[in-house]
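Observations on chain architecture
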Amino acid sequence: MPATPLEVENLSAGYGPTRVLDGVSFSVPAGARLAVLGRNGMGKTTLLATLAGQTKRYDGTIRIGAADVTGMPSAARAHKGLGYVPQARCVFPTLTVEENLFVGLKGRAKSALDEAYDMFPRLKERRRNLGNQLSGGEQQMLSTARTILGRPSVLLLDEPLEGLAPVICEELMAAFAELAKTGDMTILLVEQRIQSALDFADHVIVLERGRLAWAGTPKALSDDQDAVERLLGVGGLH
Ligand SMILES: Nc1ncnc2c1ncn2[C@@H]1O[C@H](COP(=O)(O)OP(=O)(O)OP(=O)(O)O)[C@@H](O)[C@H]1O
Ligand SMILES: [Mg+2]
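Looking at an unreviewed UniProt entry, one finds the protein named Amino acid/amide ABC transporter ATP-binding protein 2, HAAT family, with Rhizobium tibeticum as its source organism. As recorded by UniProt, the Sequence similarities (unreviewed entry) comment attached to the protein reads in full: "Belongs to the ABC transporter superfamily."

Below, the structure is given as C-alpha cells:
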C-alpha cells in the first residue's frame, strides 16, 4: 500500500468513564513523519491506541486516506493500512524470532521475511533464538519488523527507544530513517527522547493533559525554549 495521509478531527477518548483525550485535531500528509511529544501521562499512548481502535472513543473522526475508520474495529483498521507497534513490546516469548515474524506475514510469501532481515540484520543472526532470549533492543526490532511485514501505509511507533542503550537507539533511529526515506509510509513517532524525535520528524505535536498544546515544525519547537520548558520540562535541546 502507498503512504496515505492521516486526519484526526476533534478526537476525544479514554477508558470506560475516564476521558483522557480531549478534542485533539491534527493531520499528517502522506509520507510525512510526525513526532508526538509530551511528558509522562499526557495521553500519547492513549492517542495511538485510539487511532488503533483500542480505547473508548467519545467524539471525533479518524480518516486514513479516503477511508473513515472511526467506527471500525482494530482488525479492520489494520486492513486499511494502520500498523501499530505498542509501547509494551509485543513479542511471543516461547516462539523463535522467525516464528514471531511469521505472524506478521499475514498470507505473504515466506521470502518477504528478507524485508525484516534487511531492516534489522541482528534479527537474522538471532532468527532461531526464542523471544524471551532477546535483549530489549532486539525485542523492539522484532516488534517493529513484524508490523512492517504487514506493509502498513500509516505506522504508529510508541516510545521505541524506551529503556535502550544509546548505541541501540541510534541503530533503531537509522532503521526508521531508512524506512521513512522510501516514502511508502506515514509515520507517527511517540518519544521521550526529544532530540531523536525532532531529528527524525518533519512535523511535531505536543500533548498536555490530553489536549493539543503545540503544533509546528521541529525547528520551530527547538527555537521556542519557553514551550520546550513548559510542555516538555527540559531546559534546552542540543
Ligand atoms: N487502561 C487505562 N485505564 C484508565 N486510565 C488509563 C489507562 N491507561 C492510561 N490511563 C490514564 O490515561 C492518562 C494518559 O496515559 P497515557 O498512557 O496515554 O500517557 P503517555 O503520555 O503515553 O505517558 P508515558 O509517557 O508515561 O507513556 C494517564 O492519566 C493514565 O493514568
Ligand atoms: Mg505512553
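Let us keep going from here.
**Observations concerning the site of ligand 1**
Near ligand 1 lie 13 residues; those nearest to it are Gly41, Lys44, Thr45, Thr46 and Gln192. Thr45 has a polar side-chain atom sitting 2.8 Å from an oxygen atom of ligand 1. Burial of ligand 1 by the surrounding chains reaches 59%, relative to a free accessible area of 640 Å². In terms of residue count, the dominant contributor to the shell around ligand 1 is helix α1 (residues 44-51) (3 residues). Classifying every residue of the shell around ligand 1 by side-chain character gives 3 nonpolar, 7 polar and 3 charged.

**Some thoughts on helix α6 (residues 136-148)**
With 13 residues, α6 ought to run about 18 Å at 1.5 Å a step, and its terminal C-alpha atoms sit 18 Å apart, in line with that. Burial analysis of α6 places 11 of its 13 residues in the buried class, which makes it a mostly covered element. Within the span of α6, buried status applies to Gly137, Glu138, Gln140, Met141, Leu142, Ser143, Thr144, Ala145, Arg146, Thr147 and Ile148. For α6, the secondary structure elements touched by its buried residues are β6 (82-85), α3 (97-105), α4 (113-119), α5 (121-125), β7 (154-158) and α7 (166-181).

Calculation rules
For every chain, the first residue of the written sequence is number 1, and numbering continues from 1 onward in sequence order. For naming, the first written chain is A and the first written ligand is 1, with later ones following in the order written. Totals for whole chains, interfaces and linings use every residue, but because this is a predicted model, local features are given only for residues with pLDDT of at least 70 and side-chain atom pairs only at 80 or more, for both listing and counting. The side-chain numbers reported here are obtained from all heavy atoms of the structure, hydrogens and water having been left aside. UniProt positions are given in the numbering used here, feature names are shortened, and annotations may be inferred rather than shown by experiment. A single heavy atom is enough: if one lies within 4 Å of a molecule or strand, its residue is considered near that molecule or strand. Here a polar contact means two N or O atoms within 3.5 Å. Within protein one must be a hydrogen donor candidate and the other an acceptor candidate, and residues neighboring in sequence count only if both atoms are side-chain atoms. Here the Shrake-Rupley method, with its probe set to 1.4 Å, supplies the accessible areas, and only the displayed protein chains count as covering residues. To qualify as a helix, a DSSP run of H or I must reach at least 4 residues; to qualify as a strand, a run of E must reach at least 2; elements of each kind are numbered from the N terminus. The classification used treats Ala, Val, Leu, Ile, Met, Phe, Trp, Tyr, Cys and Pro as nonpolar, Asp, Glu, Lys and Arg as charged, and all other residues, Gly among them, as polar. In a helix, the anticipated span is given by 1.5 Å times the number of residues less one. Relative accessibility decides the category of a residue: with a 1.4 Å probe and only protein chains considered, values under 20% of the type maximum give buried, values over 50% give exposed, and everything between is partly exposed. Here, residues are in contact when the closest pair of their heavy atoms is within 4.5 Å.

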